[in-house]
Amino acid sequence: SLAAPRPNPVRGALEGRLALAHASHVSLAVYDQLGRRVRALLDGARPAGELTLRWDTRDDAGRAVAPGVYFLEMRADGQHQVRRVSIMR
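Note that the structure is predicted; figures quoted are calculated from it, not measured. (Residues numbered from 1 in each chain as written. Predicted model: local features only at pLDDT ≥ 70, side-chain atom pairs only at ≥ 80, totals over all residues. Heavy atoms only, no water.)

### Let's talk about the overall build of the chain
Regarding its fold elements, the chain presents zero helices and six strands. Going from N to C terminus, the chain has its helices and strands arranged as β-β-β-β-β-β. The C-alpha atoms of the chain give a radius of gyration of 12 Å, which matches the 12 Å a tight globule of 89 residues would have. Burial analysis of the chain (89 residues in total) assigns 33% to the buried set. (Helix = DSSP H or I, 4+ residues; strand = E, 2+ residues; numbered from the N terminus. Rg over C-alpha atoms; globule rule 2.2 N^0.38 Å. Buried < 20%, exposed > 50% of the residue type's maximum accessible area, 1.4 Å probe, protein only.)

This is the structure:
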């Protein structure tokens, strides 16, 4: 499961937490309102348990993203969850 990211809205770094019931491949990425991937945060095998990740609100190229609404999307073990995030500067 993907917990609600915090803080939200965010001005600096965002913390995301996820919990896995058993080991599986996990993909966690940030998308903009048009569905374009902005940043890949995680893509690989993970053991069961909780995991905390930080997003520095930068894209894959290292540039700060523009203020607005983004979506944190997790895919793991056939599950798909999305959480909305607001970025403020």
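Moving on, there is more to tell.
### What about the nonpolar core?
Membership of the largest hydrophobic core comes to 19 residues, with the highest contact counts inside it found for Leu18, Val26, Leu28, Trp55, Tyr70, Met74 and Ile87. Of the residues forming this core, the biggest block, four residues, is contributed by strand S5 (residues 68-76). For Met74, the contacting residues outside a window of four places in its chain are Ser1, Leu2, Leu18, Val26, Ser27, Leu28, Gln79, His80 and Gln81. (Core = buried A, V, L, I, M, F, W, Y, C linked by side-chain atoms within 4.5 Å. Contact = heavy atoms within 4.5 Å.)

### So, the pairing of strand S2 (residues 24-31)
One ladder, built from eight bridges, connects S2 with strand S3 (residues 37-46); its direction is antiparallel. Residue pairing across strands places Ala29 opposite Ala40, the latter belonging to S3. Alignment of S2 against S5, held across six bridges, turns out to be antiparallel. What sits directly across from Val26, in S5, is Ala76. (Pairing = 2+ DSSP bridges.)

### So, the environment of Pro9
By the secondary structure assignment, Pro9 is in the segment before strand S1 (14-20). With 58 residues separating them in the primary sequence, Pro9 and Pro67 have C-alpha atoms 10 Å apart.

### Section: the sheet that holds S3
Read across the sheet, four strands follow the order S3-S2-S5-S6 without closing on themselves; strand pairing throughout is antiparallel. Of all the strands in the sheet, just S3 and strand S6 (79-87) have a single pairing partner and so form its edges. When strand polarity is set aside, the average angle formed by the axes of neighbouring strands in this sheet is 15 degrees. Note: S5 against S6, nine bridges, orientation antiparallel. Its bridge partner lying in S6, Phe71 is registered against Arg84. (Axes fitted to C-alpha atoms, helices over the stretch in contact; angles between N-to-C directions.)

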